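Residue strings, one per chain:
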Amino acid sequence: MNSSFASRLLAWFDRHGRHELPWQHPRTAYRVWVSEIMLQQTRVETVIPYFTAFVDRFPDLSALADAPIDEVLHFWSGLGYYARARNLHRAARIVIECHRGQLPQDPAALEALPGIGRSTAAAILAQAYDRPMAILDGNVRRVLARHRAVDGWPGQARVASALWSIAESLVPESRAADYTQAMMDLGALVCTRSRPACSRCPVAGDCRARLQGRVAELPAPRPGRAMPTRTRWAALVRSPAGILLERRAPSGIWGGLYSLPEADEREQLVDRITARWAEAREQGAASARIAHAFSHYRLDLRILEFRLPTVPWGIMEGQSTIWYNPASSNAVGLPAPIARFLRDQGTPHDGTNG
DNA sequence: TAGCCGTGGGT
DNA sequence: TACCCAAGGCT
C-alpha cells in the first residue's frame, strides 16, 4: 500500500523543493503577503527582483501604509496587474486602522482585505502560520486535474469546485507550510504544463492521467477567444522641462499610472493639446507607434508629436500631470511599453526611428 | 458570471 | 507567428 499523498510529496519536497526563495528568509507574515500578491498570475523568476526592491523600500506594513500611492506604483512598474498594488496599499492602511497593525489570522478577516481571495488567504495562513488550509493556484490545479483525471476547463465553476474539494481532502494536519510550498514546487518543477517529468514525480504511482495516458491533454485548455485591435491616439508633448505625462484614471487599463495624454480620435487629441497651449506646434503626421498585446486585445497607439518653445507653467485644473525628464526619474508608475518608449526618446538617434 | 486586468516566456 | 498561460481577484 502506498503512503499518503502528502507523505510522498513532503519526502520529495525535503530533497528537491525550493527552500531558498527570498520571502522564505525571514518568513514574516508581511513578506509572505507581499510575495503572494506579486505572485498572482506572475512567475517566480519575474517576481524576485521586484520583491527584493519592494521590501527594501517598504520593509514592514507601516512603511507601506505611510507611503504615497505613486511611489508604491513606481516599485510595481513593469510587473503588471496594477490593481494588485493599489489593493495592497489600501489593505495596509486598513490593517493599520482596523487590526492594530497586525495581519489578521482569521481566514474570513484576511479574505475581506482588498486583493486577498480564497487561495491567497489560504496561502498566507499556511505559509506564515502553518495553518492547514488548502490552496488552488495554477500549479495545484494542474497537479490535481492530472492526478485525479478531472475533465473540463478549471475556469468553469463546476470544475473549480471539484478541484477545491480534492485539494481540501489532501491537506495534512501538520507541515502545512511545507505542503503548500511542495504542491507549488511540484507543479512548477515536475508537473509542468508541457513535457512533465513523470519519471521524477513522487505521486506518479496513482496518477490517473498517467495511468490513462492523458497527461498531455489535462487540464483542458481555456476556450479560444477573439483578439480585437484597439486604435488610440497619444501626444508626445516636448518642452525644455521634459515630456508631458498624465495620470490615468484610477481603474481600467494601467490605472493610476502616468502615461502619454490619449484620446480615441486624432482630432480630439489635437484639440486637447492646442486648447491648453496655443503655442504648441504639431510636428506632422504620426511619428511613431506603440504596439502592445494585452490578454484580450491589441493596442495600436499612434503618437503625435508637439513642441513647446518654452517651459510652460501652471497645470490645467483637475488634471494631474508631470514633465517627465529621463535624467531625473520620477517616483511614479509607468506602464512597461510607455517606459520603453520614453527610454528610446531619451536616447539620441539619427531620426530614422527603427 | 464572464469579462477585465499586464507582462513575459514557452511552444 | 500566434497562441497559451502563469503562486487570482474584482465587478
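All values reported here derive from a predicted model rather than from experimental measurement.

Parameters and conventions
- Residues numbered from 1 in each chain as written.
- Chains lettered and ligands numbered in written order.
- Predicted model: local features only at pLDDT ≥ 70, side-chain atom pairs only at ≥ 80, totals over all residues.
- Heavy atoms only, no water.
- UniProt positions renumbered as here; feature names shortened; annotations may be inferred.
- Helix = DSSP H or I, 4+ residues; strand = E, 2+ residues; numbered from the N terminus.
- Buried < 20%, exposed > 50% of the residue type's maximum accessible area, 1.4 Å probe, protein only.
- Pairing = 2+ DSSP bridges.
- Disulfide = S-S within 2.5 Å.
- Near = heavy atom within 4 Å.
- Polar contact = N/O pair within 3.5 Å; in protein donor to acceptor, adjacent residues only side chain to side chain.
- Nonpolar A, V, L, I, M, F, W, Y, C, P; charged D, E, K, R; others polar.
- Salt bridge = Lys/Arg side-chain N within 4 Å of Asp/Glu carboxyl O.
- Arc of directions from axis to C-beta.
- Contact = heavy atoms within 4.5 Å.
- Domains from an automatic or database assignment.
- Buried area = accessible area lost by both parts, 1.4 Å probe.

Our next topic: the UniProt feature "domain: HhH-GPD" (unreviewed entry) in chain A. Mapped onto this numbering, the UniProt entry gives "domain: HhH-GPD" (unreviewed entry) at residues 38-189. Annotated as 66% helix and 0% strand, the span residues 38-189 places its first and last C-alpha atoms 20 Å apart.

With seven of 10 residues buried, strand β7 (residues 298-307) is to be regarded as a mostly interior element. Relative to β7, strand β5 (residues 281-282) runs antiparallel, the two sharing two bridges. Bridged to Arg281 within β7 is Arg307. In terms of strand pairing, strand β6 (residues 288-293) meets β7 through six bridges, oriented antiparallel. Of the residues in β7, the one forming a bridge with Ile290 is Leu301.

The subject of this paragraph is the state of the cysteines. With the rule as written, the count across this model stands at zero disulfides. Free cysteine: Cys198, not disulfide-bonded; nearest cysteine sulfur from Cys207 at 6.3 Å. Relative accessible area serves as the criterion here: at 24%, Cys198 is assigned to the partly exposed category.

Close to DNA strand B lie 24 residues; Tyr81, Tyr82, Trp254, Ser295 and Ala336 are nearest. Within 4 Å of the protein, the contacting atoms of DNA strand B are drawn from sugar and phosphate to the extent of 54%. Residue Ala336 places a main-chain N or O atom 2.8 Å away from a phosphate oxygen belonging to DNA strand B. Of all the secondary-structure elements, those providing two or more residues to the surface near DNA strand B are β6 and α14 (336-346). Within the surface near DNA strand B, the residues separate by chemical class into 12 nonpolar, nine polar and three charged.

Here we take up the pattern of salt bridges. Side chains bearing opposite charge may pair, as long as their charged atoms lie close to each other. For the structure on display, the rule yields 18 salt bridges. Across the pair Asp300 and Arg302 runs a salt bridge whose closest N-O atoms are separated by 3.2 Å. Overall, Arg302 belongs to the partly exposed group, its relative accessible area being 23%. Between Arg307 and Glu305 there is a salt bridge, with the nearest N and O atoms lying 3.4 Å from each other. Overall, Glu305 belongs to the buried group, its relative accessible area being 13%. Through salt bridges with shared partners, one network takes in Arg232, Arg248, Glu262 and Asp264.

Buried residues of helix α13 (residues 266-276): Leu269, Val270, Ile273 and Arg276, and no others. The buried residues of α13 all sit within an arc of 145° when viewed along its axis, so they share a single face. Set apart from the buried face of α13 by more than 90 degrees, the exposed residues are Glu267, Asp271 and Ala275. Along its buried surface, α13 packs onto β1 (229-239), β2 (242-247), β4 (262-263), β5, β7 and β8 (321-324).

On to the domain arrangement of chain A, then. Each assigned domain of chain A is listed here: domain 1 (5-217) and domain 2 (229-346). Using only C-alpha atoms to locate each centre, domain 1 and domain 2 end up separated by 37 Å. Listed as interface residues are 10 residues of domain 1 and, on the opposing side, 16 residues of domain 2. For the pair domain 1 and domain 2, the two sides together bury roughly 850 Å², of which 50% comes from carbon and sulfur. On the domain 1 side of the contact with domain 2, Asp70, Tyr82 and Arg86 bury the most area, a combined 52% of that side's loss. Run the count over domain 1 and domain 2 and you get one salt bridge. For Arg247, the salt bridge is made with Asp70, and the minimal N-O distance between the two is 2.7 Å.

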